[in-house]
Amino acid sequence: MARYDAAAQTARYDRARVVARWDVRNRHPLTHHNRNHNNNQENTMGTRPVFTTTIAGFAAKDAAINFTPNGRAVAETSIPFTPRRKNQQTGQWEDAGDTTWVDVAVWGDDAETFADTVRKGTFVTVTGRPQVRAYTTQAGEARSSLSVSADSWGVTP
């Protein structure tokens, strides 16, 4: 009797669903295959694609809630990421680069729940739209920051 592997079955189902969706639209997932062969300039993709990313890590600070002038709630925290590698000579893990700080913002009705739930050290998983912002410090230095506007989020106890 074959053993049921839920993860593999889910992956197969997801692949089949994605391929079926592309087949129904009669478009290939790779952008260079989405050419309009009539040589006109119409958009063959229909709607504009949205780029999302998933960030998972430990919150560096308690989530703080603020309100916009319109009264919309936003809760914010930061998640740091430091790449690591194993040193082959010593067998120890060591830092392999600079720490990247990702600012996370949760908007609307979820903001209050996010602020109540996320504390420093809470393992958070956030999926949303990334954005890079460039700014100049008071000292005149050019800097940039990475932020994610959350579409969905979750915590691991």
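Definitions and cut-offs
The written sequence of each chain sets the order in which its residues are numbered from 1. Two thresholds apply to this predicted model, a pLDDT of at least 70 for residue-level local features and 80 or more for giving and counting side-chain atom pairs, whereas whole-chain, interface and lining totals are computed over all residues. Remark: hydrogens and water are excluded; side-chain values derive from all non-hydrogen atoms of the structure. Strands are runs of DSSP state E lasting at least two residues, helices are runs of H or I lasting at least four, and both sets are numbered from the N terminus onward. Per-residue accessibility takes into account occlusion by the displayed protein chains alone, with areas from the Shrake-Rupley method and a 1.4 Å probe. Each residue carries a pLDDT score, the predictor's confidence in it, ranging from 0 to 100. Here, residues are in contact when the closest pair of their heavy atoms is within 4.5 Å. When accessible area is computed with a 1.4 Å probe and restricted to protein chains, residues below 20% of their type maximum are described as buried, those above 50% as exposed, and intermediate ones as partly exposed. Starting at the helix axis, one direction is taken to each C-beta atom, and the arc is that of these directions. A carboxyl oxygen of Asp or Glu within 4 Å of a side-chain nitrogen of Lys or Arg is what we treat as a salt bridge. In protein, a polar contact requires one atom able to donate a hydrogen and another able to accept it; more generally it is a pair of N or O atoms within 3.5 Å, and residues adjacent in sequence count only if both atoms are side-chain atoms.

**Student:** Just to check I follow, could you spell out the overall build of the protein chain for this structure?
**Tutor:** Tallying secondary structure elements over the protein chain gives two helices and eight strands in all. Secondary structure elements in the protein chain, listed N-terminal to C-terminal, are α-β-β-β-β-β-β-α-β-β. On the protein chain, roughly 12,200 Å² of surface is accessible, and the fraction owed to carbon and sulfur atoms is 50%.

**Student:** Help me out: how do you make sense of the confidence of the model for the protein chain in this one?
**Tutor:** Should the pLDDT be low somewhere, the predicted coordinates at that spot are not to be read in detail. Per-chain confidence: the protein chain averages 78 in pLDDT, with 69% of residues scoring 70 or above. Every residue in residues 15–44 scores below 50 in pLDDT, and together they form 13 contacts with partners more than four places removed in sequence or on other chains.

**Student:** Before we go on, may I ask you to explain helix α2 (residues 110–117) in this structure?
**Tutor:** Since the α-helix packs 3.6 residues into each turn, any two residues three or four apart lie on the same face. Within α2, the full set of buried residues consists of Ala111, Phe114 and Ala115. Viewed along the axis of α2, the buried residues span an arc of 95 degrees, placing them on a single side of the element. Those residues of α2 that are exposed and angled more than 90 degrees off the buried face are Glu112 and Asp116. Those residues of α2 hidden inside the fold are in contact with β2 (64–67), β3 (73–81), β6 (100–107), β7 (123–136) and β8 (142–156).

**Student:** Can you help me understand the pattern of salt bridges in this one?
**Tutor:** Between side chains of opposite charge, pairing is possible as soon as their charged atoms come close. In total, this model carries four salt bridges according to the counting rule given. One salt bridge connects Arg84 with Asp95, and the closest N-O pair in it is separated by 2.9 Å. Taken as a pair, Arg84 in strand β4 (residues 84–86) and Asp95 in strand β5 (residues 93–95) lie far apart in primary sequence, eleven residues in all. Of the residues examined, Asp95 reaches a relative accessible area of 48% and is grouped as partly exposed. Arg85 is the partner of Glu94 in a salt bridge, and the nearest nitrogen-oxygen pair spans 3.4 Å. With a relative accessible area of 28%, Glu94 lands in the partly exposed category.

**Student:** Would you mind going over the side chain of Ser78 with me for this structure?
**Tutor:** In this structure, Ser78 sits in strand β3. Within the structure, Ser78 has its side chain in polar contact with the side chain of Asp103 (distance 3.0 Å). Contact partners of Ser78, with chain neighbours within four places excluded, come to Phe58, Ala59, Ala60, Lys61, Trp101, Val102 and Asp103.

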